[in-house]
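Chain by chain, the residues:
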Amino acid sequence: MTSSAPVLSPPPSRTVASPEPPTDAAPPGLLATKLAEHLRARPKSGPDTAGLTAGVRDCLVLTLRALSDPGPREAAQLAELVGRAAEWAREGIDLDTVLRTYHETVRRGFEQVAAEQRCGPAELLAGTEEMLRLLETVTVATSSAYLDEHRLAARHHQTAAQTLVTALLSGHGREALARRTGITVAGTYQVVALAIPPHPGERDPRLNTEGVARRKLRRLQSALAPVLGSRALSLLSVDGGTILVPVEDPTALNGGLAMTADTLDVLSAAASVPLTATVVTGATEDIPELAEQARELLELVRALGRSPGLYRMVDVAVEYQMTRPGPAREHLAAVLDPLTPHPELVETLRAFLRSGLDRRATAGQLHIHPNSVSHRLRRIERLAGLNLSHPDSISRASLALLAFELAEV
């Protein structure tokens, strides 16, 4: 007997109805309107009723109104937004706190309004675009207001600091100015005289040389506070000037900040030029005299052709003393008077002393034969009455050359 397999009939077909959109789906722009209504309806208590959060909600309502109805009123409403941000900046509220409050308020409000309106994907996408535009507007306006306030405060501080440093350098009215500017005057200062050489771009006729010089100075000024502290005062031009660094008690917050060789290297890197500085330290009431002494040291260092770097009195004490007028300096300078008609002999003596009494090195510097160096040295000894093989005579020749060079400055 043959058995046949049962024939399975296909299941009856079912028509799947596509879901219909909610009858109360949000039309375009409704989410922004509902969000404005949500922001206006403040809680009766809690942090939303006062302070930053309340101000943020007000500003968001203003911005939503301006974005929904652009026109002449929009500028006035956004100006009010900028004004509120400027007030927060003056009150000392951090920018990141304000922006975080904006974003958190929009996020929470949008989530609640979207849930209440039973939004579909299309409505959510449109609403998200509106929220992004809202956040973009308040973020840009608020950041710009904070930046303007920062620039204004920086200009005010710079003006006050320059006024105070001018008073300190002149020795007049510093106490009254310190009270008025709010800048504390220290009892002791490092007084720094600074020389700023031209940047290579300042010699390039293809560039805006004045712009290059100003940018060099701005870079240097921006680097002062990080390495010398916010209380350091400066009066600088593109060629140099004076810096006053407060000398604090070691237990003070910025007690370790001072002008050192390492500090000057950092400033040189910021300015992109090798700086030369001289520093003296003393009481605040002596700043006018200290500044004059620092300037004299700087002029001496540059006149002697010293390399860029930081110099103190101890580094050029002999040279500085030789700059003081007197019979001793005149007598020493007169030792080399017989060499005046022979500038090649003066140059040979200078090279010989700077090379450590090495005749071959001297010959290399002057691009002459070593025998010529020996011949010139014998002429120097004969004319000036020196013995360049004797230590005392060598020391006398060095001091005489220094006095001779200073007399020419």
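(A) Main features of the sheet that holds strand S4 (residues 276–283). Read from one edge to the other, the open sheet built from five strands follows the order S2-S3-S1-S4-S5, with strand pairing classed as mixed. At either margin of the open sheet sits one strand with a lone partner, and together these are strand S2 (233–237) and strand S5 (309–311). On average, adjacent strands in this sheet sit at an angle of 20° to one another, irrespective of strand direction. Across the sheet, helix H5 (residues 121–170) lies against strand S1 (188–195), S2 and strand S3 (240–246), angled at about 95° from S2, the strand it touches most. Set on the sheet, helix H9 (residues 287–303) makes contact with S1, S3, S4 and S5; between it and S4 the angle comes to about 155°.

(B) Expanded view of the packing of helix H7 (residues 209–228) against helix H8 (residues 261–271). At a minimum axis distance of 8 Å, the contact between H7 and H8 shows a crossing angle of 150°. Accordingly, the angle class assigned to the pair H7 and H8 is roughly antiparallel. In the crossing of H7 with H8, the sense of the turn from one axis to the other is right-handed. On the side of H7, the interface is formed by Lys216, Arg219, Leu220, Ala223, Leu224, Val227 and Leu228, while H8 contributes Thr263, Val266, Leu267, Ala270 and Ala271. Within the contact of H7 with H8, the residues separate by chemical class into nine nonpolar, one polar and two charged.

(C) Expanded view of the confidence of the model for the protein chain. Looking at the protein chain as a whole, its pLDDT mean stands at 81, while 83% of the residues score no less than 70. The secondary-structure element of the protein chain with the lowest mean pLDDT is helix H6 (residues 174–181), recorded at 66, while S5 shows the highest, at 95. Scored below 50 in pLDDT, residues 250–255 makes four contacts in the model with residues more than four places away or belonging to other chains.

(D) Highlighting the pairing of S4. Most of S4 sits out of view: six of its eight residues are buried. Here S1 runs beside S4; their pairing, made up of eight bridges, is antiparallel. Residue pairing in the sheet places glutamine 190 in a bridge with threonine 281 of S4. Here S4 pairs with S5 via three bridges, running parallel. Considered in S5, the bridge of threonine 276 is made with glycine 309.

(E) Looking closely at the side chain of threonine 63. With respect to the helices and strands, the residue threonine 63 is situated in helix H2 (residues 51–68). Look at threonine 63 and you get buried, because its relative accessible area is 0%. When sequence neighbours within four positions are dropped, the list of residues in contact with threonine 63 reads Leu78, Leu81, Leu134, Thr137 and Val138.

(F) Here's a closer look at the environment of threonine 242. Within the element layout of this structure, threonine 242 appears in strand S3. Between the alpha carbons of threonine 242 and alanine 193 there is a distance of 4.8 Å; along the sequence they are 49 residues apart. Setting aside residues no more than four positions away along its own chain, threonine 242 makes contact with Leu169, Val191, Val192, Leu233, Ser234, Leu235, Leu236 and Arg295.

(G) The arrangement of the pairing of S3 in detail. Burial analysis of S3 places six of its seven residues in the buried class, which makes it a mostly covered element. Pairing between S1 and S3: seven bridges, direction antiparallel. Within S3, the residue paired with alanine 195 across the bridge is glycine 240. When S2 meets S3, the two strands line up antiparallel, connected through five bridges. Within the sheet, the bridge partner assigned to leucine 233 lies in S3 and is leucine 244. Counting the residues between successive antiparallel strands, the hairpin from S2 to S3 contains two residues.

(H) Structural view of the nonpolar core. Core analysis: the largest hydrophobic core is formed by 32 residues, its most contacted members being Leu168, Tyr189, Val191, Leu233 and Leu244. Put simply, the parts of the chain that give this core at least two residues each are H5, S1, H9, helix H10 (317–322), helix H11 (327–335) and helix H15 (391–408). Per-element accounting of this core gives the leading share, eight residues, to H9. Contacts of valine 191, omitting those with residues within four sequence positions, involve Thr242, Ile243, Leu244, Thr278, Val279, Val280, Ile287, Leu290, Ala291 and Ala294.

(I) Representation of unusual backbone geometry. At leucine 357, a residue that is not glycine, the phi angle is positive and equals roughly 65°. Following the sequence through the fold, leucine 357 ends up in the loop between helix H12 (343–354) and helix H13 (359–366).

(J) Broad picture of the environment of alanine 36. Position of alanine 36 relative to the elements: it lies in helix H1 (residues 30–40). By relative accessible area, alanine 36 is classed as buried at 9%. For the pair alanine 36 and glycine 109, spaced 73 residues apart in the sequence, the C-alpha separation amounts to 9.1 Å. Beyond its immediate stretch of four places on either side in the chain, alanine 36 contacts Val61 and Leu64.

(K) Quick peek at H2. For H2, with 18 residues, the first-to-last C-alpha span of 26 Å sits near the 26 Å given by 1.5 Å per residue. Most of H2 sits inside the fold, with 14 of its 18 residues counted as buried.

Thresholds applied
Residues numbered from 1 in each chain as written. Predicted model: local features only at pLDDT ≥ 70, side-chain atom pairs only at ≥ 80, totals over all residues. Heavy atoms only, no water. Pairing = 2+ DSSP bridges. Helix = DSSP H or I, 4+ residues; strand = E, 2+ residues; numbered from the N terminus. Axes fitted to C-alpha atoms, helices over the stretch in contact; angles between N-to-C directions. Contact = heavy atoms within 4.5 Å. Parallel < 35°, antiparallel > 145°, perpendicular 65-115°, else oblique. Left-handed = near helix turned anticlockwise from the far one by under 90°. Nonpolar A, V, L, I, M, F, W, Y, C, P; charged D, E, K, R; others polar. pLDDT = per-residue confidence, 0-100. Buried < 20%, exposed > 50% of the residue type's maximum accessible area, 1.4 Å probe, protein only. Core = buried A, V, L, I, M, F, W, Y, C linked by side-chain atoms within 4.5 Å. Expected span 1.5 Å × (residues − 1).

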